[in-house]
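Now for the letters of each chain:
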Amino acid sequence: MIVRAETPDDHDTIRRIVDEAFGDTSTSPIVDGIRASDRFVPELSLVAVSDGQSVGHVISSYVDVVPGTRRVLQVGPLAVVPSHQRRGVGTALMEETIRIADERGEPLLLIEGAPEYYGRFDFTRADAVGIEPPPEARAPQFFMFRPLAAYDSTLQGRAVYPAETFGVAY
């Protein structure tokens with residue numbers, strides 16, 4: 001499997017991957033919105049390719065932590081087509097996201113998702129370190145963080161989702 005940064009030629013395929021993975025068409029517009037925003041980090045929009053076929057995608061973008069309006073990376077959505085789930089595609093995408101974010105000197109990653117899945121990547125509850133979820137988040141136990149090498153424990157506050165993702169969980 002190859003994990004690489006997306007290109008403009010991947011956009012339609014990414015939409016298909018996200019729609020298939022989530023079983024509807026309500027999540028793919030989030031990816032499009034992130035991509036069109038100033039929060040987009042091109043090298044952290046990754047595609048997993050297996051046997052020449054794109055089978056997974058993950059995107060990371062900046063969210064604010066207030067007060068102080070510090071921008072930090074939030075991972076998501078992460079999508080793997082159903083036919084390739086539980087085959088290590090999501091793991092490969094997450095590991096590459098973590099590696100690139102760490103190399104960029106990012107202090108941490110935020111994510112909203114299943115603790116039993118993301119715990120394997122050392123994500124834990126964000127509120128335990130003083131980062132509160134945004135009001136739109138499902139519940140505090142699903143809003144998690146992972147420290148990176150540049151982590152600063154004084155980075156605390158409430159995460160704020162940007163307008164292009166408002167009201168939609170990652």
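What you are looking at is a predicted structure, and each value in this text was computed from that prediction instead of being measured.

Caption draft 1: A look at the overall build of the protein. Secondary structure assignment for the protein yields 4 helices and 9 strands. Start at the N end of the protein and walk to the C end: the helices and strands fall as β-α-α-β-β-β-α-β-α-β-β-β-β. The 170 residues of the protein split such that 50% are buried. Counted over contacts in the protein with a minimum sequence separation of 6, partners at least 24 positions apart contribute 68%. Counting every atom, the protein has about 7700 Å² of accessible surface; 50% of that belongs to carbon and sulfur. When the 16 positive and 25 negative side-chain charges of the protein are each reduced to one mean point, those points stand 2 Å apart.

Caption draft 2: Spotlight on the packing of aromatic side chains. Inspection of every chain in the model, using the stated rule, returns 4 aromatic pairs. Measuring from ring centre to ring centre gives 6.1 Å for Y118 and F123, while their planes differ by 75 degrees; the resulting arrangement is edge-to-face. Here the two residues Y118 and F123 agree in accessibility, since each one is buried. Where F145 meets Y151, the ring centres are 5.5 Å apart and the plane angle is 45 degrees; that geometry is what we call tilted.

Caption draft 3: Broad picture of the nonpolar core. Counting 36 residues, the largest nonpolar core has L73, L93, M94, L109, I111, Y118 and F123 as its most contacted members. Every element with two or more residues in this core is listed here: α1 (11-22), α2 (28-35), β2 (40-50), β3 (53-66), β4 (70-80), α3 (89-103) and β5 (108-112). Considering every element that reaches this core, the biggest residue donor is β2, with 7 residues. Core analysis: the second largest hydrophobic core is formed by 12 residues, V65, L108, L110 and I131 among them.

Caption draft 4: Up close: the pairing of β5. With 5 of 5 residues buried, β5 lies mostly within the body of the structure. Side chains L108, L110 and E112 of β5 all project onto a buried face; the interleaved residues L109 and I111 project onto the opposite face, where all are buried too. The handedness of the β4 to β5 crossover, carried by α3, is right-handed. Pairing geometry for β5 and strand β8 (residues 143-147), over 5 bridges, is antiparallel. Note on β8: the bridge partner recorded for L108 is P147.

Caption draft 5: Spotlight on α1. If you check α1, its first and last C-alpha atoms are 17 Å apart, about what 12 residues at 1.5 Å a residue would give, namely 16 Å. Looking at α1, one finds that the buried residues are I14, I17, V18 and D19. Where α1 is buried, its residues contact α2, β2, β3 and β4. Once α1 finishes, G23 follows within two positions and takes phi at roughly 75 degrees, a positive value.

Conventions and cut-offs
Residues numbered from 1 in each chain as written. Predicted model: local features only at pLDDT ≥ 70, side-chain atom pairs only at ≥ 80, totals over all residues. Heavy atoms only, no water. Helix = DSSP H or I, 4+ residues; strand = E, 2+ residues; numbered from the N terminus. Buried < 20%, exposed > 50% of the residue type's maximum accessible area, 1.4 Å probe, protein only. Contact = heavy atoms within 4.5 Å. Areas by Shrake-Rupley, 256 points an atom, 1.4 Å probe, with all protein chains shown as cover. Lys, Arg positive; Asp, Glu negative; His and termini not counted. Charge placed at Lys NZ, Arg CZ, Asp CG, Glu CD. Phe/Tyr/Trp six-rings, centres within 6.5 Å; stacked < 30°, edge-to-face > 60°. Core = buried A, V, L, I, M, F, W, Y, C linked by side-chain atoms within 4.5 Å. Right-handed = clockwise from strand over helix to strand, strands pointing away. Pairing = 2+ DSSP bridges. Expected span 1.5 Å × (residues − 1).

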